[in-house]
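# Reading the structure
Here are the chains, one letter per residue:
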Amino acid sequence: MVRMSGTTVSDEPESLSAGVVTRLEEEILKGVRRPGDRLDERQLAEQFGMSRTPVREALQRLAASGLVVSRGRQGLQVAQMSLADLLDAFVVVAELEGIASSQAARRIQVEQRARLQAAHRACAEAAAAEDAELFYTANREFHEVIAAASHNRILQDELRRLTLKISPYRRTITYQPGRMHSSIPEHERVMDAILRGDGVQAAQMMRAHVTLLGEGLSDLLHFLRASGEQSLISEIS
């Protein structure tokens, strides 16, 4: 709180707005809110137990970042990506995560090495148990630890912004038959390169892991159609 000319001015609305942004981002990451879902200002205010002002401000911030879009009379919605944009996003994320892996190989700290190994084990255990939700959570941790280990704040900010946009699609990919199991050796190659300080190899392995090209794209489109998940993408041709 700030006191000015005898009047107390609270920073509470800004804090509330930032809190709503964080909560909505986390719900999108966890798949609670999906591309195309409507975001009603009044309903969100009731859900979060606050006035509509901080909710409105939060939605404006999310719209500015591209995570939320206006659909005219339909109101605000969680943004959907076109097929072309999705492909471009995965290419960019692959490059950014490749850079993060390269820098992590040089900068990773002892505690982060332990966290990375623990996340890798958690992914392997989830895959063995065929637990896609647990795998998705562990997979997020694996990638987030590497981003943090880069100690590059600019890179981390850009990665988070794009990760929020592609997270529903990454979640969908997790449910493709065999995808969890194929990720484990891919993760291991990335992790081993980072832990032995080989930035070039770490970047190469991470880019190969993330990039959605060739058969991976074909499989994704097939899975979206077969599972009734076409609504995730605004155009599938």
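Keep in mind it's a predicted model, so treat the numbers as computed, not measured. Each chain carries its own residue numbering, running from 1 in the direction its sequence is written. Residue-level local features of this predicted model are given only where pLDDT is at least 70; pairs of side-chain atoms are given and counted only at 80 or more, and the full residue set underlies all totals for whole chains, interfaces and linings. Hydrogens and water molecules were not included; the side-chain quantities draw on all heavy atoms of the structure.

This paragraph deals with unusual backbone geometry. Positioned with a positive phi, Glu-130 is a non-glycine residue whose angle comes to about 55°. Tracing the chain through its elements places Glu-130 in the loop between helix 5 (110-128) and helix 6 (132-149). One non-glycine residue, His-151, lies in positive phi territory at about 55°. Per the convention used, a helix needs a DSSP run of H or I reaching at least four residues, while a strand needs a run of E reaching at least two, with both numbered from the N terminus. Take His-151: it is sitting in the loop between helix 6 and helix 7 (153-174). Think of it in three bands: with a 1.4 Å probe and only protein chains considered, a residue is buried below 20% of the maximum accessible area for its type, exposed above 50%, and partly exposed in between. Given a relative accessible area of 35%, His-151 falls into the partly exposed group.

The next thing to look at is the confidence of the model for the protein chain. A score from 0 to 100, pLDDT tells how confident the predictor is in each residue. Model confidence for the protein chain is summarised by a mean pLDDT of 86, while 84% of its residues fall at 70 or above. Of all helices and strands in the protein chain, the one with the weakest mean pLDDT is strand 2 (residues 7-9) (37), whereas helix 5 scores best (98). Under a pLDDT of 50 for its full length, residues 1-11 has, in the predicted model, 9 contacts with residues more than four places off or in other chains. Residues count as neighbours in contact if any of their non-hydrogen atoms are within 4.5 Å of one another.

Of all hydrophobic cores here, the largest spans 32 residues; its most connected members are Phe-90, Leu-116, Ile-146, Leu-159, Ile-166 and Ile-194. Elements that contribute at least two residues to this core include exactly helix 4 (83-107), helix 5, helix 6, helix 7, helix 8 (179-195) and helix 9 (199-210). Considering each element in turn, this core owes the most residues, 8 residues, to helix 4. The term nonpolar core refers to a set of buried residues drawn from Ala, Val, Leu, Ile, Met, Phe, Trp, Tyr and Cys, joined through side-chain atoms within 4.5 Å. Of all hydrophobic cores here, the second largest spans 18 residues; its members include Leu-29, Leu-39, Phe-48 and Val-78.

This next bit is on the layout of surface pockets. One number sums up the size of the second largest pocket: a volume of about 320 Å³. Using only the protein atoms, space was sampled on a 1 Å grid; points where a 1.4 Å probe fits but cannot get out form cavities, open sets with protein on both sides within 12 Å along at least five of seven lines form pockets, and lining residues are those with an atom within 4 Å of a point. If you trace the second largest pocket, you find 16 residues lining it, with His-143, Glu-144, Ala-147, Arg-160 and Thr-163 closest to the centre. Contributions of two or more residues to the lining of the second largest pocket are made by helix 6 and helix 7. Its residues placed into classes, the lining of the second largest pocket shows 6 nonpolar, 5 polar and 5 charged. Grid points are joined across faces, edges and corners, and a volume is the space filled by probe spheres set on the points. The residue classification treats Ala, Val, Leu, Ile, Met, Phe, Trp, Tyr, Cys and Pro as nonpolar and Asp, Glu, Lys and Arg as charged. All others, Gly included, are polar.

Attention now goes to the sheet that holds strand 4 (residues 68-70). Taken in spatial order, the 3 strands of this open sheet run 3-5-4, and their pairing is antiparallel. Looking at the sheet topology across the chains shown, the edges are occupied by strand 3 (38-39) and strand 4. Two strands are counted as paired when DSSP detects at least two bridges linking them. Two strands pair when backbone bridges link them, and strand 3 and strand 5 (residues 76-78) are joined in this way by 2 bridges, in the antiparallel orientation. Looking at the pairing, Leu-39 lines up with Leu-76 of strand 5.

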